[in-house]
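Structure at a glance
What follows is each chain in one-letter form.
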Amino acid sequence: QVQLVESGGGLVQPGGSLRLSCAASGTIFSINSMGWYRQAPGKERELVAAITGGGATNTADSVKGRFTISRDNARVYLQMNSLKPEDTAVYYCNLKDNKIDYWGQGTQVTVSS
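Residues numbered from 1 in each chain as written. Predicted model: local features only at pLDDT ≥ 70, side-chain atom pairs only at ≥ 80, totals over all residues. Heavy atoms only, no water.

1. A word on the pattern of salt bridges
Side-chain pairs of opposite charge can arise where the charged atoms are in close proximity. One pass over the full model with this rule turns up five salt bridges. Here Arg66 makes a salt bridge to Asp87, at a shortest N to O gap of 2.8 Å. Taken together, the positions of Arg66 in the loop between strand 6 (57-59) and strand 7 (67-72) and Asp87 in the loop between strand 8 (75-80) and strand 9 (89-97) put the pair 21 residues apart, joining distant regions of the chain. A single burial state applies to Arg66 and to Asp87, both of which are buried. Lys96 serves as the salt-bridge partner of Asp101, at 2.8 Å between the closest nitrogen and oxygen. Of the residues examined, Lys96 reaches a relative accessible area of 23% and is grouped as partly exposed. Salt bridges here are not isolated pairs; linked through shared partners, they connect Arg38, Glu46, Arg66 and Asp87. (Salt bridge = Lys/Arg side-chain N within 4 Å of Asp/Glu carboxyl O. Helix = DSSP H or I, 4+ residues; strand = E, 2+ residues; numbered from the N terminus. Buried < 20%, exposed > 50% of the residue type's maximum accessible area, 1.4 Å probe, protein only.)

Pasting the structure below:
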């Protein structure tokens, strides 16, 4: 069993920055990938960015050039710069251990003046 705990969310002004972090613990056999998803009210959960165990990254077009994902062992980070109101959502950490998906509880990010 794997547990994921996110931190770093909060209220920020447009144009500001936040750094999310997610720590994984428990029995991890192999990290296929770790990543961040987000879900705004009334919308589907969408992939924001992911990073494979080998270091390859995938970033959504909507955040490309503004968000950067990185990983240090079983901890994954999302550096969010130039934040926009449309980035407001609950952000969820994800870990893929081969075919198994694990999810964090989510952390609220609100971008507002």
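Once you've had a look at it, read on.
2. Overview of the sheet that holds strand 1 (residues 2-7)
Strand order in the open sheet made by the four strands is 1-3-8-7, with antiparallel pairing throughout. Only two strands of the sheet have a single partner each, and these edge strands are strand 1 and strand 7. Pairwise comparison of adjacent strand axes, ignoring direction, gives a mean angle of 15° for this sheet. (Pairing = 2+ DSSP bridges. Axes fitted to C-alpha atoms, helices over the stretch in contact; angles between N-to-C directions.)

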